[in-house]
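A look at the structure
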Amino acid sequence: MNPSRPDSDFLWGAATAAYQIEGAAAEDGRAPSIWDVFCATPGKTARGETGAIACDHYHRYREDIGLMRRLNLGAYRFSISWPRVIPSGRGTTNEAGWTFYERLVDELCAAGIRPVVTLFHWDLPAALQNELGGWAHDDLPAIFADYAAMAFARLGDRVSMWLTINEPWCVAELGHVRGCHAPGLKDPALGYRVAHNLLRAHAHAVARYRAARRGPGAISFALNTSYSFPASALAADRAAAERAIESFAGWFGDPGVFGAYPAVMRARLGSLLPEFSAEDTRLLKGSMDFIALNYYTSDLVRHVPGAGPFELEASPVPDVPRTATGWPVVPEGLHRLLHWLSGRYARLPIHIMENGAAFDDRPDKDGFVDDQDRIAYLRDHLAAIARARGEGVDVRGYFAWSLLDNLEWAEGFSKRFGLVRCDFETLRRTIKASGYWYAQAIASGGLGGAGAVRTDQQAEALE
Ligand code: PNW
């Protein structure tokens, strides 16, 4: 870290998740998660790819910390694999699993890199799915809180920044409504129940954290959301876009801050939306010490009478570049979203906990990737953050997704998000041009640097 740089408090990091990088899926007492089961089911992931080996980070974490140092990272966000530390999800713990995370944390601290820990990044112990039906079961919040309390006890002396749940929207919607993520269920009503229990799980874990916390520390959950631009200047489209954000970001953000779902969800979903008990409300309210935002893209929303409970239709932002996952590149959406979140949630500090892009990387014969498209993506999103900060939004950290190419869930290994290339045949790591660019951006203060162009143009075009 360079203490002389303009913004030495700003947290610069990169993020990963256990199932996407660790491998060693059947080693040292780890039990299967719902993602092992999902990936082993024919037809569920691209080319049948699985996280059995992934980046083999479990065995190569020292090398990976070396890469983080070369990238000048001040922080590293990773997740704990719940079935590695508590194989059945509850009851007996696995000492070897905890030892792995303790070593990882110790080595990060020794390298001067602050560990940021996610407790649940989608890899639910399969036993909890089989025995209880997973997140639909009302006991899951208490079971999760017991696991969380154990993690706080084991690592809390060295870890001062925690995320309970990663992207509850993805778990509820992709895992239980669309079925394209584990556990692969397709039931519209289940989405709201699962989201409800994820929120309750977060609240219960936060209560345990605050009861046990000794020194300074902060906890939240990672909220993924897009920004919705109204498709026209018509009042009806503007109102529809606001409904879209309130029922996406607000679905999770409102309970975490106010202890209640947004009024528009209550009004339009009726009995589909579960009720929080008085105890849930008490625990949820103020349960986010900061806003942890995962941002990738935005959409256009128009009012369509009768179209679903929210009477709207979303479409991709037109006339902008797309990433390899087909997501429009919309840095201006991040700028707007930062203002929206800051305004709605009483200026809570914000950390961007994921932002990045998959592109069709073409390595040269040495494995080097000259990924100018990814550099442009990062540069323009950092510029959007710099603008929001200049206008008073309290953004305190930025984590690129991802440290290295990894298993992009059902999309398999072909969708590459890394600052570092991983060759999945040899497991060799090679820093990409974007990795060197990011290291330089961090060293020179990062925000407010060159290239704040595209976000201004987009602001005008999308007005
Ligand atoms: C996030 N969507 O997932 C996750 O936190 C990461 O594990 C993942 O690798 C990264 O973003 C890139 O996808 C998402 O369809 C997956 O809207 C899908 C969506 C959003 C986020």
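A brief structural summary. Model, not experiment: these values are computed from the prediction.

**A few points about the nonpolar core**
In terms of nonpolar packing, the biggest core is built from 149 residues, with I80, W82 and W135 touching the most fellow members. For this core, the leading source of residues is helix 9 (residues 188-212), giving eleven residues. Among all residues touching W82, those that are not within four sequence positions of it are P87, G89, F120, D123, L124, P125, L128, W135, L140, I143, F144 and Y147.

**Considerations on the site of the ligand**
Taken together, 15 residues surround the ligand, and among them Q20, H121, E354, E408 and W409 come closest. Between the ligand and the protein, one listed contact pairs an oxygen atom with a side-chain N or O atom of Y296 at 3.2 Å. Between W409 and the ligand, the recorded distance is 2.8 Å, taken from a side-chain N or O atom to an oxygen atom. Within the complex, 87% of the 450 Å² of free accessible area of the ligand lies under protein. Examining the composition of the shell around the ligand, we find that three residues originate from one element, helix 8 (residues 168-177), more than from any other.

**A few points about the sheet that holds strand 9 (residues 312-316)**
Ordered in space as 6-8-9, the three strands form an open sheet in which the pairing is mixed. Strand pairing shows two members of the sheet lacking a second neighbour, strand 6 (228-230) and strand 9, which therefore form its edges. When the angles between neighbouring strand axes are averaged without regard to direction, this sheet yields 40°. The pairing of strand 6 with strand 8 (residues 299-303) spans three bridges and is classified as parallel. Residue pairing in the sheet places P230 in a bridge with V301 of strand 8. The strands touched by helix 10 (residues 235-246) within the sheet are strand 6, strand 8 and strand 9, with strand 8 carrying the most contacts at an inclination of about 120°.

Reading the values: the criteria
Residues numbered from 1 in each chain as written. Predicted model: local features only at pLDDT ≥ 70, side-chain atom pairs only at ≥ 80, totals over all residues. Heavy atoms only, no water. Core = buried A, V, L, I, M, F, W, Y, C linked by side-chain atoms within 4.5 Å. Buried < 20%, exposed > 50% of the residue type's maximum accessible area, 1.4 Å probe, protein only. Helix = DSSP H or I, 4+ residues; strand = E, 2+ residues; numbered from the N terminus. Contact = heavy atoms within 4.5 Å. Near = heavy atom within 4 Å. Polar contact = N/O pair within 3.5 Å; in protein donor to acceptor, adjacent residues only side chain to side chain. Areas by Shrake-Rupley, 256 points an atom, 1.4 Å probe, with all protein chains shown as cover. Pairing = 2+ DSSP bridges. Axes fitted to C-alpha atoms, helices over the stretch in contact; angles between N-to-C directions.

This is a description of form; function is not addressed.
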